[in-house]
Amino acid sequence: MKKIGVLIADDHAVVRDGIRQILGTEPDMEVLGEAANGREALHAVRALQPDVLLLDISMPELNGLEAIYLIR
């Protein structure tokens, strides 16, 4: 069975770590990577092709709304 690939994008490391720990308990999900700002998220989505992107709206360099516009 293929796992659901997830990318976590948040500028707070503690939030990313918490989400990673929670998702780590789900047998059908796999965290493919993390991003600390919108620009990193944009590059990570292109490189990793996740099924799901958990994206914070308020991030430095490129906020979540701008990032999702560019990702779409």
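This text follows the structure it describes.
From a predicted model like this one, the values you see are computed outputs, not experimental measurements.

> Looking at this structure, I do not really get the overall build of the protein. What am I missing?
Helices and strands together make up the secondary structure of the protein, namely three helices and three strands. The order of α-helices and β-strands along the protein, N terminus first, is β-α-β-α-β-α. With respect to the principal axes defined by its C-alpha atoms, the protein has extents near 35 × 25 × 15 Å. The 72 residues of the protein split such that 32% are buried. Taking the intrachain contacts of the protein between residues at least 6 apart in sequence as the baseline, contacts between residues at least 24 apart amount to 63%. As displayed, the protein offers around 4700 Å² of accessible surface, 56% of which is attributable to carbon and sulfur atoms. Across the protein, the centroid of the 7 positively charged side chains sits 6 Å from that of the 12 negatively charged ones.

> What exactly am I supposed to notice about the sheet that holds strand E1 (residues 4–9) here?
The strands that make up a sheet pair up through hydrogen bonds in the backbone, lying either parallel or antiparallel. Read across the sheet, three strands follow the order E2-E1-E3 without closing on themselves; strand pairing throughout is parallel. Of all the strands in the sheet, just strand E2 (29–35) and strand E3 (52–55) have a single pairing partner and so form its edges. Strand-to-strand twist across the sheet, computed as the mean angle between neighbouring axes with direction ignored, equals 25°. Pairing between E1 and E2: six bridges, direction parallel. From the neighbouring strand, Ala9 faces E2, where its bridge partner is Ala35. Set on the sheet, helix H1 (residues 13–23) makes contact with E1, E2 and E3; between it and E2 the angle comes to about 170°. Contacting E1, E2 and E3, helix H2 (residues 38–48) crosses the sheet at an angle of about 165° to E1.

The rules behind these values
All residue numbers refer to position in the chain's written sequence, counted from 1. Totals for whole chains, interfaces and linings use all residues, but because this is a predicted model, local features are given only for residues with pLDDT of at least 70 and pairs of side-chain atoms are given and counted only at 80 or more. Water and hydrogen atoms play no part in the side-chain values, which are based on all heavy atoms of the structure. The secondary structure listing takes helices from DSSP runs of H or I that are at least 4 residues long and strands from runs of E that are at least 2 residues long, numbered from the N terminus. Burial status follows relative accessibility: with a 1.4 Å probe on protein chains alone, a residue under 20% of its type maximum counts as buried, one over 50% as exposed, and anything between as partly exposed. Here, residues are in contact when the closest pair of their heavy atoms is within 4.5 Å. Each accessible area is a Shrake-Rupley estimate made with a 1.4 Å probe; only the visible protein chains count as cover when residues are assessed. The charge count includes Lys and Arg as positive and Asp and Glu as negative, but it does not include His or the ends of the chains. Each charge is placed at NZ for Lys, CZ for Arg, CG for Asp and CD for Glu. Strand pairing is assigned whenever DSSP identifies at least 2 bridges connecting the two strands. Whenever a helix is involved, its axis is fitted only over the stretch in contact; in every case the axis is a line through C-alpha atoms, and angles between N-to-C directions fall within 0 to 180 degrees.

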